[in-house]
Amino acid sequence: MLTLTQIIILAVIQGMAELLPVSSSAHVIAAARLMHIRDTASPQFTIMLVMLHTGTMFAVIAYFWSAWRKVFFASKDAFARFATKVIVATAATGIVGFPLIKGIEMYLDPGYTTLMSQGLVEIGSKSASPTASTRVTQLAATYQRKVPLFKIGDTLTLQATKGSDELPVSTVVVTPTSTVQDLLGFYRQGLAIDANAPAKPNGLPPGATLKADSENPSAVLIQIVGNPGSENRLKLGATGFVNQNGESPLAFSDEGKAEIEQLFKRLDLSAVALAAAGLLIFYSGLHRRAQRYPRKGITTMDSVSIGAIQGVCLPFRGFSRSGATISVGLLRGVARQRLEEFSFALAVVLTPIVIGREALRLITHHEPGAGPVGMHAFVPSLIGMGCSFVAGIMALAILSKLLEKGQWWIFGVYCLLASGGMFWMYLHGY
């Protein structure tokens, strides 16, 4: 449980580092580790990060609104040109960033390790816990007990792959005598699970079983553990099987699924990303000092280049978005002030997408059977949002002054020093 003091500290760090080219995410993760906050994937921490990003987004709008209105909203033509450049840059971000994220996730994902039904299952007609001998037609979800999950005559189909090889399609028809044991056998067959294989590193033996729920004695979860070293991947959506109508009676979540967020917890990778950003910022800062006549306008190729480097930043905590986009613009010869305005306009477009993705992850990765996140998790985060707003305004003022003085390279030196500090934390087990 985060304390109010911890939230305020993280809010100030987020607000300052988000809008300075030094990577807010790397600093927030490092600060959390120093305060011994380990569970950075918890619902409360996720909500807090979403709210802090919202605060910095409003800081950007408040700080740049006057300049945007004069330059980009001066006329319909000016707005059309500006909007086109933003759309081009954002499209380039998506074209580069989305495949990069998915490629990294596919590379890291060994296949499922443990599948868990996302909802609790009960016997619909009475308050009793299902067993292996329970008829399949008696099963119902706890939130909709009167609606059976399976009907007599349903044909269930499961198609999985092991590595690049497709496993045989597994089907089963629900009959009046079909039991939960038959359903679990269907999973084992379709996923080629070897019940005699040794237990996985998490101690769970391979197979499909029922798992009792600690808070609801009449409910169970269906748990499927893959073979050691399994590379099975489900092809029929996240649920793994469908009936003849293309419906998914029972949803599953992949407890061991590789996600880009797993990289965010690694201090060693964040240190490398910070160093890379630092070198880029340092080089672009020195390059700009030797350049005498920067361009005030942003071309279509400028937008593509800036958007593309923004896409590269998405998967890597430590590779500062603002640092990379402004640096690339400086290297292309764009004027400092115009770059600053354009880079943070892109941030305002990108931030709601990031917030939405985090909110979706919070919903879809909610622990099975866990209760909803209460308002108590939002109130402290609202205070944090206010603190990140104020810190963001201060950070933008500092950034503008150093850019104006031609001291952009200073941020590169700072990133290199911060990279060393983060690697030290990694070596010492933080």
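Residues numbered from 1 in each chain as written. Predicted model: local features only at pLDDT ≥ 70, side-chain atom pairs only at ≥ 80, totals over all residues. Heavy atoms only, no water.

## Some remarks on the overall build of the chain
1) Next: Counting its regular elements, the chain contains twelve helices and twelve strands.
2) Next: By the burial criterion, 48% of the 430 residues in the chain qualify as buried.
3) Next: For the chain, long-range pairs separated by at least 24 residues make up 74% of all intrachain contacts whose partners lie at least 6 apart in sequence.
4) Next: Summed over its atoms, the accessible surface of the chain is roughly 20200 Å², and 63% of this surface lies on carbon and sulfur atoms. (Helix = DSSP H or I, 4+ residues; strand = E, 2+ residues; numbered from the N terminus. Buried < 20%, exposed > 50% of the residue type's maximum accessible area, 1.4 Å probe, protein only. Contact = heavy atoms within 4.5 Å. Areas by Shrake-Rupley, 256 points an atom, 1.4 Å probe, with all protein chains shown as cover.)

## Comments concerning the pattern of salt bridges
1) Next: For the coordinates displayed, the defined rule picks out five salt bridges.
2) Next: Notably, a salt bridge pairs Glu340 with Arg336, separated by 3.3 Å at the nearest N-O pair. Taken as a pair, Glu340 and Arg336 lie in helix α10 (residues 336–364) at a separation of four residues, close to a single helical turn.
3) Next: Between Glu341 and Arg338 there is a salt bridge, with the nearest N and O atoms lying 2.9 Å from each other. You can see Glu341 and its partner Arg338 sitting in helix α10, three residues apart, about one turn around the helix. (Salt bridge = Lys/Arg side-chain N within 4 Å of Asp/Glu carboxyl O.)

## Focus on helix α2 (residues 24–34)
1) Next: Most of α2 is tucked away, with ten of its eleven residues classed as buried.
2) Next: Turning to α2, its buried residues number three or more, namely Ser24, Ser25, Ala26, His27, Val28, Ile29, Ala30, Ala31, Ala32 and Arg33.

## Brief notes about the environment of Ala160
1) Next: Considering the arrangement of structural elements, one finds Ala160 in strand β5 (residues 160–162).
2) Next: For Ala160, a relative accessible area of 0% puts it in the buried group.
3) Next: Along the primary structure Ala160 and Leu234 are separated by 74 residues, whereas in three dimensions their C-alpha atoms are 4.6 Å apart.
4) Next: In contact with Ala160, not counting residues within four places along its chain, are Glu166, Leu167, Gly190, Leu191, Arg233, Leu234 and Lys235.

## What about a nonpolar patch on the surface?
1) Next: Together, Leu4, Ile8, Val12 and Ile383 make up a nonpolar patch on the protein surface, roughly 280 Å² of accessible area in all.
2) Next: With three residues, the single largest contributor to the nonpolar patch is helix α1 (residues 4–19).
3) Next: Following the sequence through the fold, Val12 ends up in helix α1.
4) Next: A relative accessible area of 37% means that Val12 is categorised as partly exposed. (Patch = residues over 30% accessible without salt bridge, like charges linked within 9 Å, V, L, I, M, F, W, Y side chains within 5 Å.)

## A short note on the confidence of the model for the chain
As a note on interpretation, predicted positions should not be read in detail where pLDDT is low.
1) Next: In this model, the chain carries an average pLDDT of 83, and 89% of its residues clear a pLDDT of 70 or more.
2) Next: Taken element by element, the predicted model of the chain shows its lowest mean pLDDT in helix α6 (residues 261–264) (66) and its highest in helix α8 (residues 300–313) (94).
3) Next: In the model, residues 366–373 has pLDDT below 50 throughout and makes 13 contacts with residues more than four positions away in sequence or in other chains. (pLDDT = per-residue confidence, 0-100.)

## Quick look at the packing of α2 against helix α12 (residues 409–427)
1) Next: The N-to-C vectors of α2 and α12 enclose an angle of 35°; their axes lie 11 Å apart at closest approach. Judged by the sense of rotation from one axis to the other, the crossing of α2 with α12 is left-handed. Contact residues: Ala26, His27, Ala30, Arg33 and Leu34 in α2; Tyr414, Ala418, Met422 and Met425 in α12.
2) Next: Here the residues of the contact of α2 with α12 sort into seven nonpolar, one polar and one charged. (Axes fitted to C-alpha atoms, helices over the stretch in contact; angles between N-to-C directions. Left-handed = near helix turned anticlockwise from the far one by under 90°. Nonpolar A, V, L, I, M, F, W, Y, C, P; charged D, E, K, R; others polar.)

## Describing α12
1) Next: Taking 1.5 Å as the rise per residue, α12 with 19 residues should run 27 Å; its terminal C-alpha atoms sit 28 Å apart, in good agreement.
2) Next: Residues of α12 that are buried: Phe411, Gly412, Cys415, Ala418, Ser419, Met422 and Met425. The arc that holds the buried residues of α12, viewed along the axis, is 130°, so those residues lie on one side. Seen from the open side of α12, the exposed residues pointing more than 90 degrees away from its buried face are Leu417 and Leu427. (Expected span 1.5 Å × (residues − 1). Arc of directions from axis to C-beta.)

## Quick notes on the packing of aromatic side chains
1) Next: Applying the stated criterion across every chain, the model contains 16 aromatic pairs.
2) Next: Seen in terms of ring centroids, Tyr63 and Phe64 are 5.1 Å apart; in terms of plane orientation they differ by 75°. Their pairing is edge-to-face.
3) Next: A network of ring pairs unites the aromatic residues Trp65, Phe72, Phe73, Phe79 and Phe82 as a single cluster.
4) Next: The positively charged end of Arg321 is found above the aromatic ring belonging to Phe344, 5.8 Å away from the centroid. (Phe/Tyr/Trp six-rings, centres within 6.5 Å; stacked < 30°, edge-to-face > 60°. Lys NZ or Arg CZ within 6 Å of the ring centre and 35° of its normal.)

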